[in-house]
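Residues per chain, in single letters:
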Amino acid sequence: MTGGRTKDVEVVRRTRRRRRTALAGVAAAAALSAACAPMPEVPPGPVTFVEHVVDASLPGAAFVVRAQVKGDARPEIVASSFVNAVGGPGRVSVYEPGATLDDWTRSDVVTPADGIRFPNEPTVGDLDGDGDADVVVTGGFFPCEFSGTPCGTLAWFEQTSGGWVRHDLVGPGSPAYHRAVLTDVDGDGVNDLVTVAETATTATTEWFRGTTSGNRFEATPRTIGSGGGALPVVADVDGDGDDDVISGEFFTGARSFVWFERQADPSPSQPAGQWADHTITAALGGGFQVTGVPDLLGDGVLRWVGTNHVNTVLNGPNPPSAAFLLTPGVDPTQPWATQPLSSGIQARVTGPGSLSPGGLAPGDVDDDGRTDLVVSGDGDDRLFWLRQEADGSFTTYAYDSGMGQAGPPVVADLDADGRVEIVSGSFEAGKIVVYDPAP
């Protein structure tokens with residue numbers, strides 16, 4: 001190589017370094033400017049919420065569900081916690097209600113000694129047919145892949161008189177699982193398990209066939225389809241009398257919400273059954289959660305509501321961070337119509353991983369006879385109530401702040417007073433709180 005050529009190459013390299021440095025400076029300045037910008041204002045709403053702390057010290061609080069675990073008259077709250085940002089090992093706890101919403105007794109199903117990193121949403125059901133509740137525990141998250149070792153787990157914990165007994169279905173080192181749905185896919189009278197295996201770039205919707213012997217489920221999953229996301233829902237999406245699978249889609253980077261249409265039952269020639277993959281929309285960024293809400297608008301129609309999971313400031317042009325009404329047309333296999341229902345939700349500018357909103361749940365928060373929606377801000381540290389108005393529109397209110405990375409909420413009547421309460425856990429705040437709308 002001649003000396004002149006070497007100089008030319010060096011000039012190009014220096015130019016590229018200067019360009020990268022300049023671009024980095026522009027990006028940093030833009031991020032700083034955005035960080036200084038105020039968050040969108042969202043009013044507190046016409047209802048006062050009384051806070052009751054279920055657990056003030058639950059590091060890395062993640063998912064909460066309400067389920068009948070102990071067999072008492074009132075269901076319990078079951079919660080998972082990551083313990084810390086690098087994923088535990090974590091904990092799954094049962095909170096038994098006492099005389100008031102300030103009185104809860106905790107016992108653990110999973111402890112850090114079990115070594116389950118990032119325990120996600122627990123699923124409660126009688127898996128072994130002995131009359132008491134068992135708990136399916138999903139685990140794992142994509143940060144484990146950065147260390148070179150996926151940390152996904154899928155296990156169920158059997159409730160016995162001597163304590164909880166662990167049964168592994170998928171061992172450590174597997175893709176992550178966030179939700180497991182107990183349902184009879186093959187119609188043999190034994191519940192199977194529908195879930196989604198995720199890595200940082202892929203997702204596979206699958207089901208594990210249930211058995212009446214051995215470890216309760218077959219060890220090898222049967223594939224429903226490529227894609228889907230963390231929180232699958234099993235429901236009759238197209239109204240043809242059989243169950244399909246619907247979910248948000250995030251890690252593939254291609255679509256926002258999808259559903260898999262059941263076209264043929266499992267059989268010896270097609271052990272997984274036959275499923276058709278349909279895109280609901282790819283226009284809303286990564287999808288977080290979708291849920292069906294019966295009679296949402298008071299007309300007896302099942303409607304689908306989903307939340308996306310985006311950063312509208314740092315990650316380039318994006319649709320709004322919002323809860324969306326997802327409406328199929330005459331042919332539900334074609335893309336659905338989308339309509340934002342919320343306003344003012346925006347991820348804080350703490351980095352590209354700060355995304356918003358998170359999960360949602362329906363319920364009549366203000367006891368006016370109309371179904372409202374409760375939404376976690378997640379990357380936005382506020383919690384939101386989408387109040388349904390008389391004309392079917394929704395007004396967004398913020399009923400708390402300082403609850404960053406709050407998991408999907410629970411809306412239920414916890415104290416049997418005829419009015420619902422809201423339960424939320426916050427990873428950043430490390431606590432679980434019940435919000436009681438004052439009459």
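Provided above is the structure to which this section pertains.
Residues numbered from 1 in each chain as written. Predicted model: local features only at pLDDT ≥ 70, side-chain atom pairs only at ≥ 80, totals over all residues. Heavy atoms only, no water.

Concerning the overall build of the protein
Along the protein, the regular secondary structure elements total two helices and 28 strands. Computed over C-alpha atoms, the radius of gyration of the protein comes to 23 Å, within 12% of the 22 Å expected from 2.2 N^0.38 for 439 residues, which places it in the range of a compact globule. Dimensions of the protein, computed from C-alpha atoms along their principal axes, come out at roughly 85 × 55 × 50 Å. Per-residue burial over the protein gives 51% buried out of 439 residues. Within the protein, residue pairs in contact and separated by at least 24 positions form 46% of the contacts whose partners lie at least 6 positions apart. Taken together, the 29 basic and 58 acidic charged side chains of the protein have centroids lying 17 Å from each other. (Helix = DSSP H or I, 4+ residues; strand = E, 2+ residues; numbered from the N terminus. Rg over C-alpha atoms; globule rule 2.2 N^0.38 Å. Buried < 20%, exposed > 50% of the residue type's maximum accessible area, 1.4 Å probe, protein only. Contact = heavy atoms within 4.5 Å. Lys, Arg positive; Asp, Glu negative; His and termini not counted. Charge placed at Lys NZ, Arg CZ, Asp CG, Glu CD.)

Quick look at the layout of surface pockets
In this structure, the largest pocket encloses a volume near 860 Å³. Counting only elements with at least two residues in the lining of the largest pocket, the list comes to β2 (61–67) and β18 (287–293). Ranked by the residues each element gives to the lining of the largest pocket, the list is headed by β2, at three residues. Estimates place the volume of the second largest pocket at around 470 Å³. Around the second largest pocket, the lining is made up of 21 residues, and of these V65, E121, R179, Q289 and P409 lie nearest the centre. (1 Å grid on protein atoms, 1.4 Å probe; cavity = no way out; pocket = protein on both sides within 12 Å on 5 of 7 lines; lining within 4 Å. Points joined across faces, edges and corners; volume = space filled by probe spheres on them.)

So, the state of the cysteines
Covalent bonding between the sulfur atoms of two cysteines is what defines a disulfide. One pass over the structure, following the stated rule, counts one disulfide. What pairs with C144 in a disulfide is C151, and their sulfur atoms sit 1.9 Å apart. Looking down the S-S bond of the C144 and C151 bridge, the torsion is 70°, so its handedness is right-handed. The pair formed by C144 and C151 is uniform in burial state, with each residue classed as buried. (Disulfide = S-S within 2.5 Å.)

Quick look at the nonpolar core
Among the nonpolar cores identified, the biggest contains 16 residues, and F49, W385, Y399, I422 and Y435 are the most heavily contacted of them. The set of elements that each furnish at least two residues to this core consists of β24 (383–388), β25 (394–400) and β28 (431–437). Filtering out sequence-adjacent residues up to four positions away, F49 remains in contact with V365, W385, Y399, I422, Y435, D436 and P437. (Core = buried A, V, L, I, M, F, W, Y, C linked by side-chain atoms within 4.5 Å.)

Side note on the packing of aromatic side chains
Given two aromatic rings, their pairing is described by the distance between the two centres and the angle made by the two planes. One pass over the structure, following the stated rule, counts ten aromatic pairs. Ring plane angle 80° and centroid distance 5.0 Å describe the contact between F82 and F118, whose orientation is recorded as edge-to-face. Within this pair, whereas F82 is found in the loop between β3 (76–81) and β4 (91–97), its partner F118 is found in the loop between β5 (104–110) and β6 (123–125), the two being separated by 36 residues in sequence. You can call F82 buried: its relative accessible area is 11%. Look at F118 and you get buried, because its relative accessible area is 2%. Seen from their ring centres, F141 and F142 are 4.8 Å apart, and the 65° between their planes marks the pair as edge-to-face. Judged by relative accessible area, which is 27%, F141 ranks as partly exposed. In this structure F142 comes out as partly exposed when scored by relative accessible area, which is 24%. Through pairs of rings, three or more aromatic residues link up here, namely F82, F118, F141, F142, F250, F251 and F427. In this structure, R216 packs its charged tip against the face of F217, placed 4.7 Å from the ring centre. (Phe/Tyr/Trp six-rings, centres within 6.5 Å; stacked < 30°, edge-to-face > 60°. Lys NZ or Arg CZ within 6 Å of the ring centre and 35° of its normal.)

A short note on the sheet that holds strand β13 (residues 222–226)
One key point about sheets: their strands pair by backbone hydrogen bonds, in either a parallel or an antiparallel sense. Spatially, the four strands line up as an open sheet ordered β10-β11-β12-β13, and their pairing is antiparallel. Of all strands in the sheet, those bounded by a partner on one side alone are β10 (180–183) and β13. Ignoring strand direction, the axes of neighbouring strands in this sheet form an average angle of 25°. With four bridges joining them, β10 and strand β11 (residues 192–198) adopt antiparallel strand pairing. Its bridge partner being in β11, T183 is matched across the sheet by D192. (Pairing = 2+ DSSP bridges. Axes fitted to C-alpha atoms, helices over the stretch in contact; angles between N-to-C directions.)

Some details on empty space enclosed by the protein
With the rule as written, the count across this model stands at one cavity of 30 Å³ or more. Roughly 40 Å³ of internal volume is contained in the largest cavity. Lining the largest cavity, in full, are G140, F141, F142, E145, P150, C151, G152, S174, P175, A176 and E198. Of the residues belonging to the lining of the largest cavity, the class tally is six nonpolar, three polar and two charged. (Nonpolar A, V, L, I, M, F, W, Y, C, P; charged D, E, K, R; others polar.)

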